[in-house]
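# A structural walkthrough
Here's the letter readout for the chains.
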Amino acid sequence: MIIVPEAEIAGLVDEQAAFEAVEAVFAAMARGDATNFPVVREAIGHADALYGFKSGFDRAGLVLGLKSGGYWPGNAGRGLTNHQSTVVLFDADTGQCKALVGGNLLTALRTAAASAVSIRHLARPDAKVLGMVGAGHQSAFQMRAAVRQRAFEKVVGWNYHPEMLPRLAETAKALGLPFEAVSLEELGAQADVVVTITSSFAPSLMAAHVRPGTHLACMGTDTVGKQEVDAALVARATVFTDEVAQSITLGEAQHAVKAGLKAETDIATIGQVIEGTHPGRTSADEITLFDGTGVGLQDLAVADRALRLAVERGVAQSVDF
Ligand code: NAD
């Protein structure tokens, strides 16, 4: 069995590698070659922790496994990351455990890769201004992955907690892009692409804020009750997602579906667009919205990439198991 420690991931998987892995597995899902299994997520009644499993199988790439982990709110006080995850990969022919891969950085990379894939396939080709709603841990990964997809000239940002905005300013600076902190009205008026990445339970970005032609990647809502954008905005947009079943139950579309403003059958997958079985954006003034809910197959895809690169570069640790 091979171990790829968390500390090695940064040197192995970059934005491009994560993008390729996630784009390929979204396409495999649309072809019916890859399946996510039911998610287990439980409050364990200890340390206030939420613990769970996301698993699946990609028959095209022969990637079988699970990501296990969750959220330990007290970890920050111990100098540890609150979100903890580990990926276990199995040999698809024998069921033997193949690898243990650190999953913390990979989770941020695969989440950012998903919105980047949506920008690649759904944003207007002439998009120039990137809008960021959210300035937490994931936001820097999101911005770094997004700017690779279009010739962005500027980043505008808004956050519920303005004291966190320097993270966006610093990330944009490192990318060589000017950054402006703006109101939500100004963000909607300027941005061609908007990434939302917050843990909000009430909408921030409203339908009236967003102009025609915008692409939105809504990445923060991954739980029942969370909400980042107005249900009326979801209703107005052409909606795409990673997994329709998750989008309508725990993704951003849950609220519009519950309100009867959108039906399950109105939502396409980004994999269909990648595969060419859905046209994606069909006009320059269409609002497109990607509801990125996060699926286990994304985790397995990037972990498999990390494993292959670790073996190739001689940094994998092999143990008898
Ligand atoms: P974080 O705790 O580091 O940051 C939270 C962000 O949400 C900050 O910008 C904060 O200001 C904002 N926020 C908090 N309360 C708010 C409110 N009431 N209204 C508006 N904004 C508010 O979190 P993070 O690690 O950056 O994760 C952000 C979100 O992304 C979380 O909801 C997380 O569960 C989700 N997430 C989704 C995926 C996926 O695959 N879709 C993967 C990882 C994380």
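Our subject is the structure listed above.
An account of the accompanying structure is given in this report. Starting afresh in each chain, residues are numbered from 1 along the sequence in its written order. The predicted origin of the model limits local features to residues at a pLDDT of at least 70 and limits the giving and counting of side-chain atom pairs to 80 or more, whereas totals for whole chains, interfaces and linings rest on all residues. Only heavy atoms go into the side-chain values, all of them from the structure, while hydrogens and water stay out.

### So, the overall build of the protein
Threshold: Helix and strand labels come from DSSP, where a helix needs a run of H or I of at least four residues and a strand needs a run of E of at least two; each type is numbered from the N terminus. We call two residues contacting when some pair of their heavy atoms lies within 4.5 Å. Methods summary: accessible areas were calculated by the Shrake-Rupley approach with a probe of 1.4 Å, and residue burial reflects only the protein chains presented. Lys and Arg are tallied as positive, Asp and Glu as negative. Neither His nor the chain termini are counted. Charge placement uses NZ in Lys and CZ in Arg. For Asp and Glu, CG and CD serve respectively.
Secondary structure assignment for the protein yields eleven helices and 18 strands. Viewed in the frame of its principal axes, the protein has a C-alpha envelope of about 60 × 40 × 40 Å. Within the protein, contacts between residues at least 6 apart in sequence are counted, and of these 70% link residues at least 24 apart. Split by element, the accessible area of the protein, about 13600 Å² in all, is 54% carbon and sulfur. Between the averaged position of the 26 positive side-chain charges in the protein and that of its 36 negative side-chain charges there is a distance of 2 Å.

### Regarding the packing of aromatic side chains
Heads up, the rule is: Each Phe, Tyr or Trp ring, with Trp reduced to its six-membered ring, pairs with another whose centre is within 6.5 Å; inter-plane angles below 30 degrees give stacked pairs, above 60 give edge-to-face pairs, and intermediate values give tilted ones.
Tallying each qualifying case throughout the model produces three aromatic pairs. Pairwise contacts between aromatic rings join Y51, F53 and W72 into one cluster.

### What to know about the sheet that holds strand 10 (residues 179-181)
What counts is decided by this rule: Strands are labelled as partners when DSSP assigns at least two bridges between them. Lines fitted to C-alpha atoms define the axes, with helix axes restricted to the stretch in contact, and inter-axis angles between N-to-C directions lie between 0 and 180 degrees.
Spatially, eight strands are ordered 10-9-8-11-13-17-15-16 in an open sheet, and the strand pairing comes out parallel. On the outer flanks of this sheet lie strand 10 and strand 16 (268-269), each paired with one strand and no other. By the bridge criterion, four bridges tie strand 8 (residues 129-133) to strand 11 (residues 193-196) in an arrangement that is parallel. Bridged to G131 within strand 11 is V194. Of the strands in this sheet, strand 8, strand 9 (154-158) and strand 11 touch helix 4 (residues 137-146), which is tilted by about 165 degrees from strand 8. Packed onto the sheet, helix 5 (residues 165-174) meets strand 8, strand 9 and strand 10 and runs at close to 165 degrees relative to strand 10.

### Remarks on unusual backbone geometry
Selection rule: Whether a residue is buried, partly exposed or exposed follows from its accessible area with a 1.4 Å probe, protein chains only, as a fraction of its type maximum: under 20%, in between, or over 50%, in that order.
The residue A47 is not glycine, and still its phi comes out positive at about 55 degrees. By the element assignment, A47 lies in the loop between strand 3 (40-43) and strand 4 (50-58). Taking the relative accessible area as the measure of exposure, A47 reaches 42% and is therefore partly exposed. Its identity is not glycine, yet D48 carries a phi of approximately 60 degrees, on the positive side. Counting through the fold element by element, D48 comes out in the loop between strand 3 and strand 4. Residue D48 is classed as exposed on the basis of its relative accessible area of 68%.

### As for the pairing of strand 17 (residues 288-291)
A two-sided burial pattern is seen for strand 17, the buried positions comprising T288 and F290 on one face and L289 and D291 on the other. Of the pairings in the sheet, the one linking strand 13 (residues 215-218) to strand 17 comprises four bridges and is parallel in character. Bridge assignment links L216 to a residue of strand 17, and that residue is L289. Pairing between strand 15 (residues 238-241) and strand 17: four bridges, direction parallel. Bridged to T241 within strand 17 is D291.

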